[in-house]
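Take a look at the letters that make up each chain.
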Amino acid sequence: MNYDELKSLVQSSRTTRRFKKDAKVTNEDLKELLEVARLTSSAKNMQPIKYILVTKKEEVLQLAQTAAWAAHFKEWEQSDEERPSAFILMLNDRMIDGYPLFDAGASFTAISLAAKSKGLAVCPMASIDKELCSKLFVIPDNLDVMIGIAVGIGNETIQLVDAKAGDTNYYRLEDETHCVPKRTLDQIIMGEY
Ligand SMILES: Cc1cc2nc3c(=O)[nH]c(=O)nc-3n(C[C@H](O)[C@H](O)[C@H](O)COP(=O)(O)O)c2cc1C
């Protein structure tokens, strides 16, 4: 893969909140994503991040219905027609002395890129209902749910745009295209020595 192909993969791997109804995502699909995620860098190589895979329809629906989708959109709710097909839960193992926030970010990026390369789309969700998770799944005391990742087949048009005047709020156009402003290089490089 050359630079342009890699950049294009990153550009097209976007947070997705509208999924194709009843698309099949299997446990094996999720494991393929984790086969990539488990290879990512980890502070002191301690690898404290653990995972729970959720593909059962009723559990996926409950997780999707209780999470907060697109906090910036007060007038939009994900409908039952747009639900994801699966979830991956990321957990921090407190018995392992690591740097879980960074490791989780690295892992998520790998999952997102691997998903895109397999025709899937994801949404990382800090708003996953952690109490619900502990009711639905067996989670040992040393494991804290950090984030949920919705997985499905995307069904929306998403476009990156340059952030203007420091405004990074995502928005939708009249034709429902979802626009995601990203700060430009000159807005984020604070020095060149
Ligand atoms: C740590 C983290 C938590 C997030 N939690 C949520 C969430 O609970 N609900 C949601 O709809 N989007 C969530 N997102 C998605 C962000 O809103 C999204 O990354 C942002 O709008 C930029 O879009 P992009 O990922 O396509 O670049 C989260 C993203 C990150 C990195």
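What comes next is a walk through the structure. Nothing here was measured: the structure is a model prediction, and the numbers come from that model.

What follows concerns the site of the ligand. Neighbouring the ligand are 15 residues, the closest being Arg 14, Thr 15, Met 125, Ala 126 and Ser 127. The element contributing the most residues to the shell around the ligand is strand E3 (residues 121-125), with three residues.

A separate point is the nonpolar core. The nonpolar side chains of soluble globular proteins are, as a tendency, buried together. Phe 87, Met 90, Ile 111, Val 122, Ile 149 and Val 151 are the most contacted members of the largest nonpolar core, which totals 33 residues. For this core, the secondary structure elements donating two or more residues are helix H2 (27-37), strand E1 (49-54), helix H3 (57-66), strand E2 (86-93), helix H4 (100-117), E3 and strand E4 (143-152). Val 151 has contacts with Val 25, Leu 30, Pro 84, Ser 85, Ala 86, Phe 87, Ile 88, Ala 115, Leu 120 and Val 122, leaving out every residue within four places of it along the chain.

Between the first and last C-alpha of H4 there are 25 Å, a value that for 18 residues agrees with the 26 Å anticipated at 1.5 Å per step. Taken together, the buried positions of H4 are occupied by Pro 100, Asp 103, Ala 104, Ser 107, Phe 108, Ile 111, Ser 112, Ala 114 and Ala 115. Close packing links the buried residues of H4 with H2, E1, E2, E3 and E4. In the segment just after H4, Gly 119 is the residue with positive phi, at about 80°.

A few words on the environment of Leu 143. For Leu 143, the position within the fold is in strand E4. With 47 residues separating them in the primary sequence, Leu 143 and Ile 96 have C-alpha atoms 10.0 Å apart. Once residues within four sequence positions are removed from consideration, Leu 143 is found in contact with Lys 50, Leu 91 and Asp 93.

Right, let's talk about the packing of H2 against H4 for a bit. Interaxial distance between H2 and H4 falls to 8 Å at its minimum, and their mutual angle equals 130°. Considering their axes alone, H2 and H4 lie oblique with respect to each other. Of the two elements, H2 crosses H4, and the hand of that crossing is right-handed. Contacts between H2 and H4 involve Glu 32, Leu 33, Val 36 and Ala 37 on the former and, on the latter, Ser 107, Ala 110, Ile 111, Ala 114 and Ala 115. For the contact of H2 with H4, the per-class residue count stands at seven nonpolar, one polar and one charged.

Reading the values: the criteria
- Residues numbered from 1 in each chain as written.
- Predicted model: local features only at pLDDT ≥ 70, side-chain atom pairs only at ≥ 80, totals over all residues.
- Near = placed C-beta within 6 Å.
- Helix = DSSP H or I, 4+ residues; strand = E, 2+ residues; numbered from the N terminus.
- Core = buried A, V, L, I, M, F, W, Y, C linked by C-beta atoms within 7 Å.
- Buried ≥ 20, exposed ≤ 12 C-beta atoms within 10 Å, placed from the backbone.
- Contact = placed C-beta atoms within 7 Å.
- Expected span 1.5 Å × (residues − 1).
- Axes fitted to C-alpha atoms, helices over the stretch in contact; angles between N-to-C directions.
- Parallel < 35°, antiparallel > 145°, perpendicular 65-115°, else oblique.
- Left-handed = near helix turned anticlockwise from the far one by under 90°.
- Nonpolar A, V, L, I, M, F, W, Y, C, P; charged D, E, K, R; others polar.

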